[in-house]
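Chains, contacts and geometry: an overview
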Amino acid sequence: MTLVAGIMARGRGPAIPADLSAVLKHRLHRDPGAAVEQIHRPGICLFHVDVGAFGEPAAPISDQGGTTLLCGEPLYGCVGEPDAPSSDRPDFPTRGEDLRSLHRRLVAGDLAALRECRGVFSLAHLGSDGRELVLASDHLGIRPMYLLLTPEFAIFSSVLRIFSELPGISLTVDPQGLAETATRGYAYGSRTPFREVRRIEAAEAWRVPREGPPVSHRYFRWDVDLGPPTRRPDMPERVASTFRQAVSRRLRDDRKTVAMLSGGLDSRAIVAVLRDLDTEVHTFNFSIAGEQDEIFASAFASAAGTRHRSRPRSRAVDLQGGDWSFLFRDAWASDPSRHDIPRPGMLWSGDGGSVGTGGSSGLSDAVAAHLEAGDLRGAAETYAPSIPVGTLPGGHRRNVEAVGHIASRGVLEELERSEEPDLVRRFLLFLMLNDQRRHLDGHFEEIDAHGVELHLPFFDSAFLKDVLTLPAPRLRKHRFYHELLHHLPKAIMAVPWQTYPGHLPCPVETHGRFPSQWGSEGTRAQTLIEAQARRRRLAWFRAMAVARDLPTGMISRPRLIAAGLAYHARIRDYDYVLDFARQVHQFARLANYREARWAPARNGDSGEGWG
């Protein structure tokens, strides 16, 4: 399946209202012609739809009295398998076979089966007696699964948008979750912008019984189960082998495939392994014309022998909104080679590589200094983005002060609940379990529109379990990544690559000077894109300035108008203020915004019905 949703009656509450189940069915996929399948059991309705990208639908399993619905690909039972030589790929189980194996163990109540999966997935399982619902996500929680509980119902969905459309279900803003989303692009931990809706976390399974409170189970703890850092001298070879397994396992027996290819290392490493596995690879790049990202991607494609398409973009893209997926969909839809690919809807992506291998710019020198001094609060305040409190309503000094610290408070809470003793590694885990876990939310939220599924080998749990056992200093700034390159296919080192500012420089000589994506402000293409983004931002501002549903308990209309006019007149660049206000308006209008105020959640409450 691609999308799933469902509703279960709880306790001795009323029967499931027909209009409520109808919305779940008809809004799960926004194309009215989509084939949304449904499964009815006494007191429960399940819905699922598959776009067919994986080549074979993981049909819902309904034997032994239980039912399991799957999103994504679990890659079950392949931890520690031998490397796949290029001339002899193993006969891996299919996605459907993986699901059937998982289903049998879930029917038996064995949640430890989830620990043996290394893929990106989420699932819903109804027990054989129909009295308990299990909702679970992968080791990192990349594939979303959301849950809303009331005394009468448990409602779940793999997309967040559907909850604001449910009749008879009232949503209220979670100020903490909304502030984090409006500044960082995502909320931390299990939070969402809505107080009543939670996101299933990394390696988490929720047991939701018909009667009684729900119970959370962690089948893997990144802060506990990794163990102490290892100093084994063979780790580069071991990690390279595990990465090759991660690619081979996802590739299965495909001989042709399609991949994103940037000018950096992550997508390059994937494509290099694919080519070494004797795979014909079609690659796409959507960078700004003339940047390193475009130039180096084209050069590597030529060296590796891929069938490359460079499609310089003329507009800004929203990483959190899944814009990359639509760029690919539009470019690939009319490409004649699409019909030669066994699974044309499966796209290889390098997401997760830079953070997973320790190269994230989020772990800056300033943040690291606080961590090494044992100062978690300082690290949180240094990392957290500032919130433009100047747009808040006047006369709410206490609320303004609360919002001023709300972003860093969320970071600090996540750091303090971790039991990892090494604070630098704790912060790396924080980034993986928050920034990276949420990085593809926009892609999965819009998957019914673009229909693109992703191969994500850098999020392979076996690979990450190897990498993250290394001492944190060895991972920082791509130190270990550079060691790893010498044990991957030699084509990786054939041409230069784009590096993050402050990280180890590329050892391959660059012939010519090309702007990087972090230093292209003066180029004509970037200027045009920025002008387009400015026009779009001003259009949002004009709409918000007169909107009747502007949450004036959260955003001051006069102050917003003053910021917008200053931005329009180029007196001051208040783009961050307008972006913040737009995000607040977007989510507050979906909830009962009249009740929303900038204040901490009541007694840590995450919504009604959480036991």
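Each chain has its residues counted from 1, following the order in which its sequence is written. Only residues with pLDDT of at least 70 are given local features in this predicted model, and only at 80 or more are side-chain atom pairs given and counted; all residues enter the totals for whole chains, interfaces and linings. The basis for every side-chain value is the complete set of non-hydrogen atoms in the structure, without hydrogens or water.

One non-glycine residue with positive phi stands out, namely alanine 203, at about 50°. Strands are runs of DSSP state E lasting at least two residues, helices are runs of H or I lasting at least four, and both sets are numbered from the N terminus onward. Structurally, alanine 203 can be placed in the loop between strand S9 (197-199) and strand S10 (204-209). Phi at arginine 570 is positive, roughly 60°, even though this residue is not glycine. Along the chain, arginine 570 falls in the loop between helix H20 (557-568) and helix H21 (575-588).

Okay, the environment of alanine 5 next. Relative to the assigned elements, alanine 5 resides in strand S1 (residues 3-9). Relative accessibility under 20% of the residue-type maximum defines a buried residue, over 50% an exposed one, and the middle range a partly exposed one, all with a 1.4 Å probe and only protein chains included. Alanine 5 gets classed as buried once you look at its relative accessible area, which sits at 0%. The sequence separation of alanine 5 and alanine 124 amounts to 119 residues, and the corresponding C-alpha distance is 8.5 Å. Any two residues whose heavy atoms approach within 4.5 Å at even a single point are treated as in contact. Leaving out residues up to four positions away in the same chain, alanine 5 has contacts with Leu24, Leu28, Cys45, Leu46, Phe47, Phe156 and Ser157.

As a further point, take the packing of helix H9 (residues 365-372) against helix H13 (residues 423-438). To define axes, lines are fitted to C-alpha atoms, for helices over the stretch in contact only, and angles between the resulting N-to-C directions are given on a 0 to 180 degree scale. Here H9 crosses H13 at 130°, and the two axes come no closer than 8 Å. Taken together, the axes of H9 and H13 lie oblique to each other. Packed against H9, whose contacting residues are Val367, Leu371 and Glu372, the element H13 presents Leu423, Val424 and Phe427 at the interface. Residue type decides the class: Asp, Glu, Lys and Arg count as charged, Ala, Val, Leu, Ile, Met, Phe, Trp, Tyr, Cys and Pro as nonpolar, and the leftover types, Gly among them, as polar. Class assignment for the residues of the contact of H9 with H13 results in 5 nonpolar, no polar and 1 charged. Our angle categories are set so that under 35 degrees counts as roughly parallel, over 145 as roughly antiparallel, 65 to 115 as roughly perpendicular, and the remainder as oblique.

What follows covers empty space enclosed by the protein. Every definition here rests on a 1 Å grid over the protein atoms only: cavities are sets of points where a 1.4 Å probe fits but cannot get out, pockets are open sets enclosed by protein on both sides within 12 Å along at least five of seven lines, and lining residues have some atom within 4 Å of a point. Grid points are joined across faces, edges and corners, and a volume is the space filled by probe spheres set on the points. If you walk through the whole model with that rule in mind, you get 3 cavities of 30 Å³ or more. Taken together, 13 residues make up the lining of the largest cavity; nearest its centre are Phe54, Glu73, Val120, Leu454 and Leu456. Residue assignment for the lining of the largest cavity shows that the elements contributing at least two residues are strand S4 (67-73) and strand S16 (453-455). Per element, the largest residue contribution to the lining of the largest cavity is 3 residues, and it comes from S16.

Let us look at the sheet that holds strand S12 (residues 256-260). Sheets are built from strands paired through backbone hydrogen bonds, the pairs being either parallel or antiparallel. By this definition, two strands are paired if DSSP reports at least two bridges between them. What the 5 strands build is an open sheet, ordered S14-S13-S12-S15-S16; its pairing is parallel. Both outer strands of the open sheet, strand S14 (307-310) and S16, are each paired with one neighbouring strand and no more. Here the average twist between neighbouring strands, direction ignored, is 30°. Note: strand S15 (residues 346-348) against S16, 3 bridges, orientation parallel. Looking at the pairing, leucine 347 lines up with leucine 454 of S16. Lying over the sheet, helix H5 (residues 266-276) contacts S12, strand S13 (280-285) and S15, oriented at roughly 160° with respect to S13.

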